[in-house]
Amino acid sequence: MLGICRGRRKFLAVSLTLLCIPAVTWLYLFAGSYEDGKPVSLSPLESQPHSPRYTASSQRERESLEVRVREVEEENRALRRQLSLAQGRAPGHRRGNHSKTYSMEEGTGDSENLRAGIVAGNSSECGQQPVVEKCETIHVAIVCAGYNASRDVVTLVKSVLFHRRNPLHFHLIADSIAEQILATLFQTWMVPAVRVDFYNADELKSEVSWIPNKHYSGIYGLMKLVLTKTLPANLERVIVLDTDITFATDIAELWAVFHKFKGQQVLGLVENQSDWYLGNLWKNHRPWPALGRGYNTGVILLLLDKLRKMKWEQMWRLTAERELMGMLSTSLADQDIFNAVIKQNPFLVYQLPCFWNVQLSDHTRSEQCYRDVSDLKLQKQLSELDEDDLCYEFRRERFTVHRTHLYFLHYEYESASDNTDVTLVAQLSMDRLQMLEAICKHWEGPISLALYLSDAEAQQFLRYAQGSEVLMGRHNVAYHIVYKEGQFYPVNLLRNVAMKHVGTPYMFLSDIDFLPMYGLYEYLRKSVIQLDLANTKKAMIIPAFETLRYRLSFPKSKAELLSMLDMGTLFTFRYHVWTKGHAPTNFAKWRTATTPYRVEWEADFEPYVVVRRDCPEYDRRFVGFGWNKVAHIMELDAQEYEFTVLPNAYMIHMPHAPSFDITKFRSNKQYRICLKTLKEEFQQDMSRRYGFAALKYLTAENNS
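The text that follows walks through the structure, step by step, so that each part is easy to find.

Cut-offs and rules
Residues numbered from 1 in each chain as written. Predicted model: local features only at pLDDT ≥ 70, side-chain atom pairs only at ≥ 80, totals over all residues. Heavy atoms only, no water. Buried < 20%, exposed > 50% of the residue type's maximum accessible area, 1.4 Å probe, protein only. Helix = DSSP H or I, 4+ residues; strand = E, 2+ residues; numbered from the N terminus. Pairing = 2+ DSSP bridges. Contact = heavy atoms within 4.5 Å. Axes fitted to C-alpha atoms, helices over the stretch in contact; angles between N-to-C directions. Phe/Tyr/Trp six-rings, centres within 6.5 Å; stacked < 30°, edge-to-face > 60°. Lys NZ or Arg CZ within 6 Å of the ring centre and 35° of its normal.

**Let's talk about the pairing of strand 14 (residues 477-483)**
Step number 1: Judged by how many residues are buried, strand 14 sits mostly within the fold: seven of seven residues are covered.
Step number 2: Neither face of strand 14 is left uncovered, since the one carrying Val 477, Tyr 479, Ile 481 and Tyr 483 and the one carrying Ala 478, His 480 and Val 482 both have all their residues buried.
Step number 3: The sheet contact formed by strand 11 (residues 404-405) and strand 14 spans two bridges and is antiparallel. Bridged to Thr 404 within strand 14 is Val 482.

As structure tokens, then:
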């Protein structure tokens, strides 16, 4: 079952006709073949001329019935031929521009694709109503060319599919590259109730190549002007979208706006949210003519049937030719020409509410569109970022909203009544999944984990966990799935998610690559009492070590660890590459220490600590590799936490392949530049928050 009406009632009606007409005919013949309650033979072989019941009138009746049978059979054959043509007919082609159809229904055969893809214009067999009926097909047109635009189209389509309830028909005006990519994608995607038609963009170039265009979209940025010629003649209306659009609601709500068009309104557009067409952005700025602020063509509602009747082709061509005599070229591609036409014919436009096309570029008033629209999940801060900033992608990660599934597996745990309980907090991605069982064997207390996964990886993790006796035997491990979004690993966001859902008074802020010593859970609970963490601001430091061996006989005591340290089997953590990160722990003192000892903060210090649950969160601006823990420890010091090293505690880092983010850090100069910029901005924020006391961080950084 497809679950969504496919508009097949014509198919059903013809089929019923084929079945019913013969049935009715033979019923009539059968009834007519009785006379006086006895059967009358119609077969020439069975007729007996010498029979007293055989008369001239009965022969004429028999001949008449035979003629009628032949007529009905001929009608049936004609209906079958008509039905066969309807099933195999390809979509209408116009002006030699070929169209290819892909239908993402059950079954992948060509005949099934064509059969499932038949749509007669916009007509819905459910009946036209003022609102969008469930089985009404929504038509969407997109111009797409090249590799980058193809990726953008996927994001756009995903956002539409996420909210949609209606059948969808995508009309993609694509070059050969985009068609190859997207055709394969849609054929293998197998989403129900979606049809895709491709139209050769290269064959349309001659229609618009005469228009000089300075916009980065090039010739493809003008092709929305010729949709009335490109799309099938029986298509009455269509939503036209730019590839960089993302939907935050059901597209049917936008489709329903067509019912609000009145009179000669044929274009649905959102007012431009920048001052571009007002001509005041810089000295001698001379834009194309527009009505007021003009209109943005990122989202367009087109009434194609009315536009054709109005001779849209002639209208926009004459306008473009006239304006190009003075303007010489377009600056914003098709948008300039649309606005010039509207300037002369304002009655053509139905103005859409601005939240249908929030324009998050520089110098816009986009915040006025979604300030009161709760369904539009856009962050105001994004519009304040400079997209030309080389560190823009780093900055926007701070405001990215990640879909989060808390407690992905069953969780059941009550914190100890003595208020000493400690939860291990960590984060991981799919490539660190193998560490989970080992950590569970080393740490018997509660664990809060944030996993950064795609939807497919989340299902793989589910199968992995359900197949593990160790993981299924633990109900005090909370797994929180944060779904992938963006190009960086949001390490501090993940830590914050895991921290936020800790149910114990204290947290052990660890990393997934570390194995805690056996018995650390109970040792920490005793240390919480010993150091009076409930009433003091302390951060208990667990000294960190590492091994370069994938197979390690884990030390069962401090004495055994020191022996392995002396033999070179173990090292202090990052001893070879980043000694400053853990040097303040003072490992020389730790070797002989029997009681906790205090250490002072130093630049780049990033120990693993146990703190109260109310400690500050990690700073989200730091993503991927670099300064994510350093900034947090600096914040703890600024809030006057006392760093205390535990003498009989330790944790060991297990070897693994370098992460993707550390590889980028080492190989990409711009990555390192942006990290340095974010560090400086963080330090400035610290100075604003903590005043004079924060000056030492700037001084320490300059001296390091």
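Next comes the rest of the write-up.
**Here's the deal with the sheet that holds strand 21 (residues 608-612)**
Step number 1: Spatially, 11-14-13-12-15-21-17-22-20 is the arrangement adopted by the nine strands of the open sheet, whose pairing is mixed. Single-partner strands in this sheet number two, and they are strand 11 and strand 20 (597-599).
Step number 2: The sheet contact formed by strand 15 (residues 506-509) and strand 21 spans four bridges and is antiparallel. Directly across from Phe 508, in strand 21, lies its bridge partner Val 610.
Step number 3: Each of strand 12 (422-429), strand 13 (447-453) and strand 14 is contacted by helix 15 (residues 435-442), which is oriented at about 175° to strand 13, the strand it contacts most.

**Re the sheet that holds strand 23 (residues 651-653)**
Step number 1: Pairing is mixed across the open sheet formed by four strands, whose spatial order is 16-23-18-19. Each end of this open sheet is capped by a strand with a single partner; those strands are strand 16 (514-516) and strand 19 (571-572).
Step number 2: In this structure, strand 18 (residues 544-546) lies alongside strand 23, joined through three bridges in parallel fashion. Bridging across to strand 23, Glu 546 finds its partner in His 653.

**Some remarks on unusual backbone geometry**
Step number 1: Its identity is not glycine, yet Tyr 407 carries a phi of approximately 50°, on the positive side.
Step number 2: The residue Tyr 407 is located in the loop between strand 11 and strand 12 in this model.
Step number 3: Looking at Tyr 407, the relative accessible area reads 33%, which means it is partly exposed.
Step number 4: One non-glycine residue, Asp 532, lies in the positive phi region at around 55°.
Step number 5: Among the secondary structure elements, Asp 532 is positioned in the loop between helix 19 (520-530) and strand 17 (538-542).
Step number 6: We classify Asp 532 as partly exposed; its relative accessible area is 34%.

**Details of the packing of aromatic side chains**
Step number 1: Across all of its chains, the model carries 24 aromatic pairs by this definition.
Step number 2: Ring centres 5.7 Å apart and planes at 40° place the aromatic pair Trp 443 and Phe 508 in the tilted group. Residue Trp 443 is found in the loop between helix 15 and strand 13, and its partner Phe 508 is found in strand 15; the two are separated by 65 residues along the sequence. In terms of burial, Trp 443 and Phe 508 fall into one category: buried.
Step number 3: Each ring, one from Phe 573 and one from Tyr 608, has its centre 6.5 Å from the other, and the planes form 55°; the classification is tilted. Note that Phe 573 is positioned in the loop between strand 19 and helix 21 (587-592) and Tyr 608 in strand 21, a separation of 35 residues in sequence. There is no split in this pair, since Phe 573 and Tyr 608 are both buried.
Step number 4: Every member of this aromatic cluster is reached through a ring pair, and the members are Trp 255, Phe 258, Phe 261 and Tyr 350.
Step number 5: One residue, Arg 495, lies across the ring of Tyr 618, its end atom 5.1 Å from the ring centre.

The analysis is restricted to geometry; functional conclusions fall outside its scope.
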